[in-house]
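Residue-level structural notes
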Amino acid sequence: MVIALATTLGAHWALLQTVAWTTMFADNLLSHSFSESVARTFDGKYPCPICKAVAAGKKSEQKNEFTAQMQKLEFPPLNANPVLFAPFRFELLPQVNFASESLTPKPPLPPPRGFFA
């Protein structure tokens, strides 16, 4: 259920994008300084194949979301003067206090005798 919810919210794209950024950063560190690697990873000018796939996947999901058209809800016509009928037999139920009945039971009568009495 958690996986289905995460997929519905788009967490799979965030996970794939994180993997892509990590891979790009590691690759950029081999040939550039730390600050240049960070800049090249996040500036968007040098996307890796995973980044391109994630962008294409997000774009295709957005297209599918907006294809559903809103439909107007139609309700049957309501009678202008509804008629309400009282029940034939009406009884008030007795009020029972369940909280007091759930307390410990009363001691037995007569009280029990001791061993030496």
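This section reports on the structure supplied with the text. Not measured: the values here are computed from a predicted model.

What counts, and where the lines are drawn
Per chain, residues are indexed from 1 in the order of the written sequence. This being a predicted model, a pLDDT of at least 70 is required before a residue's local features are given, and a value of 80 or more before pairs of side-chain atoms are given or counted; all residues contribute to the totals for chains, interfaces and linings. To obtain the side-chain values, all non-hydrogen atoms of the structure were used and water was disregarded. The convention used is that axes are lines fitted to C-alpha atoms, helices contributing only their stretch in contact, and that angles between N-to-C directions extend from 0 to 180 degrees. Runs of H or I in DSSP of at least four residues are treated as helices and runs of E of at least two as strands, each being numbered from the N terminus. Two helices that cross are described as forming a left-handed crossing if the nearer one is turned anticlockwise from the farther one by less than a right angle, and a right-handed crossing if clockwise. Residues count as neighbours in contact if any of their non-hydrogen atoms are within 4.5 Å of one another. Think of it in three bands: residues with accessible area under 20% of the maximum for their type are buried, residues over 50% are exposed, and the middle band is partly exposed, with areas taken using a 1.4 Å probe on protein chains only. By this rule, a helix spans an expected 1.5 Å times one less than how many residues it contains. This arc is taken over the directions from the axis of the helix to the C-beta atoms. Each patch is built from residues that are more than 30% exposed by relative accessible area and take part in no salt bridge. Like charges join if they lie within 9 Å; nonpolar side chains (Val, Leu, Ile, Met, Phe, Trp, Tyr) join within 5 Å. Where accessible areas are quoted, they stem from the Shrake-Rupley method and a 1.4 Å probe; at the residue level, only the protein chains shown are allowed to cover. Within this document, salt bridges are pairs made up of a side-chain nitrogen of Lys or Arg and a carboxyl oxygen of Asp or Glu, the two lying within 4 Å of each other. Pairing of aromatic rings covers Phe, Tyr and the six-membered ring of Trp, with a centre-to-centre limit of 6.5 Å; geometry is then stacked below 30 degrees between planes, edge-to-face above 60, and tilted otherwise.

**Remarks on the packing of helix α2 (residues 11-31) against helix α3 (residues 34-42)**
For the pair α2 and α3, interaxial distance at closest approach is 9 Å and the crossing angle is 145°. Two packed elements cross with a definite hand, and for α2 against α3 that hand is right-handed. Contact residues: Trp21, Met24, Phe25, Asn28 and Leu29 in α2; Phe34, Ser37, Val38, Arg40, Thr41 and Phe42 in α3.

**So, helix α1 (residues 2-9)**
With 0 of its 8 residues buried, α1 lies for the most part at the surface. Among the residues trailing α1, Gly10 stands out with phi positive, at a value near 90°.

**Some points on α2**
For α2, spanning 21 residues, the distance from its first C-alpha to its last is 31 Å, which sits close to the expected 30 Å at 1.5 Å a residue. Every buried residue of α2 is listed here: Trp13, Gln17, Ala20, Met24 and Asn28. Taken end-on, α2 shows its buried residues confined to a sector of 65°, consistent with a single buried face. The outward face of α2, more than 90 degrees from its buried face, is lined by the exposed residues Leu15 and Leu30.

**Some remarks on a nonpolar patch on the surface**
Together, Trp21, Leu29, Phe34, Val38 and Phe42 give the surface a local cluster of nonpolar side chains, amounting to about 480 Å² of exposed area. At 3 residues, α3 tops the list of elements feeding residues into the nonpolar patch. What makes Leu29 partly exposed here is its relative accessible area of 37%.

**Notes on the packing of aromatic side chains**
Between two aromatic rings, the relevant description is the distance of the centres plus the angle of the planes. On inspection of all chains with the given rule, the structure shows 2 aromatic pairs. Plain terms: the ring middles of Trp21 and Phe42 are 5.3 Å apart, the flat faces sit at 65° to each other, and that makes the pair edge-to-face. A residue pair is termed long-range when its members are at least 10 positions apart, and Trp21 in helix α2 and Phe42 in helix α3 qualify at 21 residues. Centroid distance Phe25 to Phe34: 5.6 Å. Interplanar angle 90°. Geometry classified as edge-to-face.

**What about the side chain of Asn28?**
By the secondary structure assignment, Asn28 is in helix α2. Classification of Asn28 as buried rests on a relative accessible area of 13%. Excluding its chain neighbours within four sequence positions, the residues that come into contact with Asn28 are Ser37, Arg40 and Thr41.

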